[in-house]
Amino acid sequence: MRTVDPAYKLSSTQRCLVKDLLNRQTLLVASWIIIEYCIKNCLLLEHSLQKKYIMADISSNFLGIKSPNPFWLASAPPTDKKINVLRAFESGWGGVVWKTLGSQVKNVSSRYSAVDYGGHRVMGFNNIELISDRPLEINLKEIAECVRLFPDRAMIVSLMADNDRKSWQDIIKKVEDTGAHGLELNFGCPHGMTERGMGAAVGQDPEIARMVVEWVMEAATLPVITKLTPNVHSVVPAGRAVVEAGTNALSLINTIQSVTGVDLNTLVPNPYVGGKSVFGGYCGPAVKPIALKFLTTIAQDPLTKKVPVSGIGGISTWKDAVEFMLLGASNVQVCTAAMKHGFRIVEDMCEGMNNWMDEKGFTKLEDFIGKSVANITHWEDLDINFHVIAKIDQDKCIHCGLCYIACEDTSHQSISLEPGNPYNTYTIKEEECVGCNLCKLMCPVTDCITMEEHRVAPGYINWKQWQAQGLPLNDH
Ligand SMILES: Cc1cc2nc3c(=O)[nH]c(=O)nc-3n(C[C@H](O)[C@H](O)[C@H](O)COP(=O)(O)O)c2cc1C
Ligand code: SF4
Ligand code: SF4
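Quick look at the structure, then. Predicted model, so just to flag it, every value in this text is computed and none were measured.

**Considerations on the overall build of the protein chain**
Piece 1. Along the backbone of the protein chain there are 14 helices and 18 strands.
Piece 2. Taken over 476 residues, the protein chain has a buried fraction of 37%.

Here it is, written out as structure tokens:
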């Protein structure tokens, strides 16, 4: 047995000190182990979260103009002054197109009207407002301040000068001095400015549009986006003319000429201005399908598809934005939805797009921009042998009869009604159903009616091949 050298014998005070030291050391070591454990687990957790919730990159680069997301506010009241634009940037908008600047204008009152449909307020929105009615110098000063305060956001300035070279080139010089990142030419405003030969009057005539863009390109050092009017049969001729004239990008659509309705008491259409009204510019959710059609024609044309497009028209949600981008828009602009719901909607838009991209495995916007363009083809290229038949899920059916009424009165009398007590039963007559979708569209229950594929024949055959083979030309 080892004996302790008396020389090393500790006094009771020393023993207490050693014990205390040992205790402290144990505590230190234990703390370190715990800290190390936590760090390790946090890193592991972060790693697994990253793996599970990869956040896609939604930053956008439009003509070299960078913005943290592809959502810009369109040129309109939300972007007409510093106080609005700063709040929009604080809410997260990637960029703005400043309310159109040009020669001085005088507005009237009232200015807006709307179409409410099926309980939805402002399905369509109509305005007879003109371009900015604030002094040019104030606008320019405020633009410069916004650029300085939010250098990471896109600042595009919309312009509509008088129809001569000097007016366009003078205003471009002044705007470029603000530090803005790009110019948008407003060739689309369908009211007020057209009477002065501006706005849609320029966009509706490809040769005038070409001439103005040539003047602009002589002077501009910033990227130029030309905003097209939808008040034409096709946007392609004007689009081609301005691309040939050198515009760096296109944006569409501006508002569509419209009358939203007539007041049945005063008998004056809306909006009411001292007993009269005028055709206004229509926008909001109601115009989205028209905007998507025009966008697709630009994305498919061999010449206009060479320049990037900023998509506009009825975009209210991230889904709308994704649809525009799938059909060729490199970014999107929003007006009516911000006027209806406020600036905060951009948070949902960013989050929704991000989540969708993660789900689909897209890591950047370029992964899906334009992906659906080729899926819109010519009617004569569609597969005649493709056929669908409606199917009713009897467990989901609430026996309302809406599908039956629709098919019986206006389609192909392909749903049978079996009277019952307390409910009638509806079933599809498969041999009669042409697969028009009408019943599915009318059914109020989600996924109660589905369309099932029943090909007529296995192979693809289009209308031209069908004719060439001498096959019967009528369905019945
Ligand atoms: C009240 C109002 C004023 C507008 N003013 C302008 C304008 O000054 N310049 C312009 O290019 N477009 C203007 N627009 C059109 C919008 O920029 C946008 O092209 C159109 O509203 C379609 O988008 P939305 O459906 O998201 O509203 C205006 C729209 C509204 C509702
Ligand atoms: S798809 Fe058309 S034809 Fe077929 S049952 Fe429905 S409404 Fe009738
Ligand atoms: S519309 Fe839908 S819910 Fe109504 S009867 Fe037809 S299948 Fe059933």
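**As for the sheet that holds strand β13 (residues 309-312)**
Piece 1. Taking strand neighbours around the barrel as the criterion, the 8 strands line up as β3-β4-β7-β8-β9-β10-β13-β14 in a closed arrangement whose pairing is parallel. Averaged over all pairs of adjacent strands, the angle between their axes in this sheet comes to 25°, without regard to strand direction.
Piece 2. In the sheet, strand β3 (residues 71-73) pairs with strand β4 (residues 95-102) via 2 bridges, with the strands oriented parallel. Directly across from Leu-73, in β4, lies its bridge partner Val-96.
Piece 3. Its contacts with the sheet place helix α9 (residues 318-326) against β3, β13 and β14 (329-334), and it is angled at close to 145° to β14.

**Considerations on helix α3 (residues 136-149)**
In an α-helix, one full turn covers 3.6 residues, which means residues spaced three or four apart are oriented alike.
Piece 1. The terminal C-alpha atoms of α3 lie 20 Å apart, and with 14 residues this matches the ideal 20 Å at 1.5 Å per residue to within 8%.
Piece 2. Here the buried face of α3 lies against α2 (82-91), β4 and β7 (154-160).

**As for the site of ligand 2**
Piece 1. Taken together, the neighbourhood of ligand 2 is formed by 15 residues, with Cys-407, Cys-433, Cys-436, Leu-438 and Cys-439 sitting nearest.
Piece 2. For the shell around ligand 2, the secondary structure elements donating two or more residues are α12 (402-410) and α13 (438-442).
Piece 3. Its residues placed into classes, the shell around ligand 2 shows 10 nonpolar, 5 polar and no charged.

**Details of the site of ligand 1**
Piece 1. Residues in contact with ligand 1 amount to 28 residues; listed here are only the nearest, Ala-74, Thr-100, Cys-283, Cys-335 and Thr-336.
Piece 2. Of all the secondary-structure elements, those providing two or more residues to the shell around ligand 1 are β4, β6 (120-127) and α10 (336-341).
Piece 3. Residue classes in the shell around ligand 1 are distributed as 13 nonpolar, 12 polar and 3 charged.

**Concerning unusual backbone geometry**
For residues that are not glycine, phi is negative in most cases, and the peptide bond is trans in most cases.
Piece 1. Geometrically, the link from Asn-270 to Pro-271 is a cis peptide bond, its omega value of -10° lying close to zero.
Piece 2. By secondary structure assignment, the location of Pro-271 is in the loop between β11 (256-258) and β12 (280-283).
Piece 3. Omega for the bond connecting Asn-421 with Pro-422 falls within 30 degrees of zero, at 10°, which places this linkage in the cis form.
Piece 4. Structurally, the position occupied by Pro-422 is in the loop between β16 (415-418) and β17 (425-428).

**Regarding the sheet that holds strand β5 (residues 112-117)**
Piece 1. The sheet built from 4 strands is open, its strands ordered β5-β6-β12-β11 with antiparallel pairing. A strand with exactly one partner marks an edge of an open sheet, and here the two such strands are β5 and β11. Pairwise comparison of adjacent strand axes, ignoring direction, gives a mean angle of 45° for this sheet.
Piece 2. For β5 and β6, the ladder comprises 5 bridges, and the chain directions are antiparallel. By the bridge assignment for β6, Tyr-112 is matched with Asn-127.

**Overview of the packing of α9 against helix α11 (residues 345-360)**
Piece 1. Taken N-terminus to C-terminus, the directions of α9 and α11 make an angle of 60°; their axes are 8 Å apart at the nearest point. Taken as axis vectors, α9 and α11 run oblique relative to one another. As α9 packs across α11, the resulting crossing turns out to be right-handed. Contacts between α9 and α11 involve Trp-318, Lys-319, Ala-321 and Val-322 from the former and Asp-348, Met-349, Gly-352, Met-353 and Trp-356 from the latter.
Piece 2. In terms of residue class, the contact of α9 with α11 is made up of 6 nonpolar, 1 polar and 2 charged.

About the criteria used
Residues numbered from 1 in each chain as written. Chains lettered and ligands numbered in written order. Predicted model: local features only at pLDDT ≥ 70, side-chain atom pairs only at ≥ 80, totals over all residues. Helix = DSSP H or I, 4+ residues; strand = E, 2+ residues; numbered from the N terminus. Buried ≥ 20, exposed ≤ 12 C-beta atoms within 10 Å, placed from the backbone. Pairing = 2+ DSSP bridges. Axes fitted to C-alpha atoms, helices over the stretch in contact; angles between N-to-C directions. Contact = placed C-beta atoms within 7 Å. Expected span 1.5 Å × (residues − 1). Near = placed C-beta within 6 Å. Nonpolar A, V, L, I, M, F, W, Y, C, P; charged D, E, K, R; others polar. Parallel < 35°, antiparallel > 145°, perpendicular 65-115°, else oblique. Left-handed = near helix turned anticlockwise from the far one by under 90°.

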